[in-house]
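Summary of the model geometry
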Amino acid sequence: MTDAAAPRPGGAMVEFDGVGLRYGPDAEVLSDISFNLQPGSFYFLTGASGAGKTSLLKMLYLAQRPSRGIVRLFGEDLVSMPRQRLPGFRRRIGVVFQDFRLIPHLSARDNIALPLRIAGVGEDDLSGPVGEMLSWIGLGDRAEAHPATLSGGEQQRVAIARAVIARPQLLVADEPTGNVDPEMATRLLGLFEALNRLGTTVVVATHDIHLISRIENAQMMRLEKGRLADPTGALRYPPANRA
Amino acid sequence: MIIPRVPVQHRRLLPDRRLSGPTPWVIAILMMLTLLAAAAGVGLARSANAIGSAIAGRVTVQIVTPNPVTRAEQAAALRRAAAAQPFVLSARAVDREELQATLGQWFGSADGDDPVLNSLPLPALVDIDFVGENRSRHMQELRALVAAEAPGARIIPHAEWLGPVAQLIGSLAWIAGALVILMTLASAAVVIMTARAALGTHFATIEMLHLIGATDRQITRLFQRRIAIDTAYGIALGTAVAAALLLLIGWQWAGVTSGLAATASLGPGGWALLLALPLLAIALAALTARQTLLAALKKIL
């Protein structure tokens, strides 16, 4: 079996080639999407509402298979991959959802610990990292609070902590700073940047142009009406791979 | 394993409240009815078997010779001759007092002093039990014997007049068995609906668990455990009520010592079946829940 923990040397972490996506019999919401994401890179995904950002992210975090085209993740073809192999890949991807998707009857601590528990980490080994993460997002004193008692910003911080607690190889975030104040947005972006420095590939979908300007060397992907605008070819043929 | 082991921390992924609402109560009612139907089926089947084996090899020879002295002599001669035959297990002349006592129940006087009853020209009866299973041949040999010892006497095989009763009881036993199967299927349907409802209610949680890498097996075990426990509560309640009712019926049945009713009992095998049914029901519920959940999860990427 191919080791999916790391992409092929010199290869892309994510490869989309001629990908299209349609829901049911309707027209394609995404058409002819082709790009490569390099390991350890930072990407912003932008586009107007309805351009297909969330649909593209869904394919990235394996909630959706494409209707056509090729999707490779960590060097493996995901289109034809049996679904029983998907959980192993999903554990290498952290996701921050626009609507947080916290489990309402679990405390902030338990929500953050969820990926570790699912991965089989013992209770003794997860209390440290979860406590550190709670402190880092400034919710150390609200560890036992349930999502309904947290503000929107606090919920978003918990969602981000849950996405990064297992040190994913790929972090996908859909409007991660939409509900937090500028100071917290800066801190969260700092966390993403720190993870990126440690080798995590980060993809952030956002409307916030100021956010984009804060990350040096970040590449931008822009979706327009379901098609990827890549006038420079930087995504399909990134500088590192050019002859 | 009927109720899968799930780490305590994982159990909290489902809310503490019961998933299934009325499910334990519906299962309790179905389980109680299943056990009562099973008990009825076992009792009736045993009764049908007991009656069938009791009447299969027995005949009564009815001697109606007008002269009472000749009638009594023919009855005695037939009893002696029959008892000497190798195909006869036993031969017994029914006493006049026994006949009068039986008829007295219908005449309203059991003490034998009823003048009407005493004046009736009662036939002489000889009960004969055959040896072995070759009954048609034994009947031929008996007819020849009766023709020689008591010409004009009538031979009545008990299977002719009690057979339909035994068949009816047997049919009722089969109907009870069919009811057990139908109620088992209904219980399985309730579990399937419960599992589907639980999946619908907790779809957001399931989707989240999937997206952070939970396997179908991990998710299924969570729900299977909860549904199996809920169902087990219902089964335990239904079993307790059914057991109380059966003990009450059994206590009242113990006073019935005559007629067909006395042949009905559960026996050790019947009680073992009744004890096994709740365990089988829990296993069936857990298996049904598991298969329903796995089938539903396969529809989600």
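Residues numbered from 1 in each chain as written. Chains lettered and ligands numbered in written order. Predicted model: local features only at pLDDT ≥ 70, side-chain atom pairs only at ≥ 80, totals over all residues.

Secondary structure assignment for chain A yields seven helices and ten strands. Residue burial in chain A is summarised as follows: out of 243 residues, 45% are buried. (Helix = DSSP H or I, 4+ residues; strand = E, 2+ residues; numbered from the N terminus. Buried ≥ 20, exposed ≤ 12 C-beta atoms within 10 Å, placed from the backbone.)

Let us now look at the overall build of chain B. Secondary structure assignment for chain B yields ten helices and four strands. When the helices and strands of chain B are placed in sequence order, the string is α-α-β-α-β-α-α-β-α-β-α-α-α-α. Relative to its full complement of 301 residues, chain B shows a buried share of 34%. Residue pairs at least 24 apart in sequence account for 87% of intrachain contacts in chain B once pairs closer than 6 positions are excluded. (Contact = placed C-beta atoms within 7 Å.)

Note that soluble globular proteins tend to have their nonpolar side chains buried in a common cluster. The biggest cluster of nonpolar side chains holds 123 residues, and the ones touching the most others in it are Leu45(A), Ile112(A), Leu171(A), Val172(A), Leu35(B) and Ala289(B). The dominant element in this core, judged by the number of residues it contributes, is helix α2 (residues 23-56) of chain B, at 17 residues. Excluding its chain neighbours within four sequence positions, the residues that come into contact with Leu35(B) are Thr239(B), Ala242(B), Leu274(B) and Leu277(B). The next biggest cluster of nonpolar side chains, apart from the first, holds 16 residues, and it includes Val88(B), Ala124(B), Leu145(B) and Ala150(B). (Core = buried A, V, L, I, M, F, W, Y, C linked by C-beta atoms within 7 Å.)

For the rest of this paragraph, the subject is the confidence of the model for chain A. Within chain A, residue pLDDT values average 85, and 90% of them lie at 70 or more. Segment residues 1-6 of chain A: pLDDT under 50, and eight contacts once partners within four positions in sequence are set aside and those in other chains are kept. (pLDDT = per-residue confidence, 0-100.)

Turning next to the sheet that holds strand β7 (residues 170-174) of chain A. Residues and elements named next belong to chain A. In space, the six strands of this open sheet follow the order β6-β7-β8-β3-β9-β10, with mixed pairing throughout. The open sheet has two edge strands, β6 (93-96) and β10 (227-229), and neither has a second partner. Recorded for the sheet is a direction-independent mean angle of 20° between the axes of neighbouring strands. Note that strand β3 (residues 42-47) and strand β9 (residues 219-224) share five bridges and pair parallel. Among the inter-strand pairings, Gly 47 is bridged to a residue of β9, identified as Leu 223. (Pairing = 2+ DSSP bridges. Axes fitted to C-alpha atoms, helices over the stretch in contact; angles between N-to-C directions.)

On to the environment of Arg5(B), then. Residues and elements named next belong to chain B. In this fold, Arg 5 is placed in the segment before α1 (8-11). We classify Arg 5 as exposed; it has 8 C-beta atoms within 10 Å. For the pair Arg 5 and Arg 225, spaced 220 residues apart in sequence, the C-alpha to C-alpha distance is 7.6 Å.

Moving on, we come to the sheet that holds strand β4 (residues 154-157) of chain B. Strands belonging to one sheet form pairs held by backbone hydrogen bonds; the direction of such a pair is parallel or antiparallel. Residue and element names in this part refer to chain B. Taken in spatial order, the four strands make up an open sheet running β2-β3-β1-β4, and their pairing is antiparallel. Only two strands of the sheet have a single neighbouring strand rather than two, namely β2 (88-94) and β4. Neighbour-to-neighbour, the strand axes of the sheet open up by a mean angle of 20°, direction not taken into account. Note that strand β1 (residues 58-63) and β4 share four bridges and pair antiparallel. Each residue of the ladder has a partner; that of Gln 62, found in β4, is Arg 154. Here helix α3 (residues 68-83) sits on the sheet in contact with β1, β2 and β3 (124-130), set at roughly 10° to β3.

With that settled, consider the packing of helix α7 (residues 158-201) of chain B against helix α10 (residues 267-297) of chain B. Residue and element names in this part refer to chain B. At their nearest, the axes of α7 and α10 sit 9 Å apart, and the two run at 40° to each other. Here α7 is positioned oblique relative to α10, judged by the angle of their axes. For the crossing formed where α7 meets α10, the hand is right-handed. Residues Thr 184, Ser 187, Ala 188, Val 191, Ile 192, Ala 195, Arg 196 and Leu 199 of α7 touch α10, and the partners they reach there are Ala 281, Leu 284, Ala 285, Thr 288, Ala 289, Thr 292, Leu 293 and Ala 296. Taken together, the residues that form the contact of α7 with α10 break down as eleven nonpolar, four polar and one charged. (Parallel < 35°, antiparallel > 145°, perpendicular 65-115°, else oblique. Left-handed = near helix turned anticlockwise from the far one by under 90°. Nonpolar A, V, L, I, M, F, W, Y, C, P; charged D, E, K, R; others polar.)

For the rest of this paragraph, the subject is unusual backbone geometry. Residue and element names in this part refer to chain A. In this structure, Phe 74 is a non-glycine residue whose phi angle is positive, near 50°. Note on Phe 74: 23 C-beta atoms within 10 Å, which makes it buried. Phi angles above zero are rare outside glycine, and Lys 225 is one such case at about 50°. You can see Lys 225 is positioned in the loop between β9 and β10. With 13 C-beta atoms counted inside 10 Å, the residue Lys 225 sits in the partly exposed group.

Our next topic: the environment of Leu30(B). All names here are of chain B. Of note, Leu 30 is situated in helix α2. A C-alpha to C-alpha distance of 7.9 Å links Leu 30 and Thr 184, two positions 154 residues apart in sequence. When near neighbours in sequence (up to four residues on either side) are disregarded, Leu 30 contacts Met 183, Ala 186, Ser 187, Val 190 and Gly 238.

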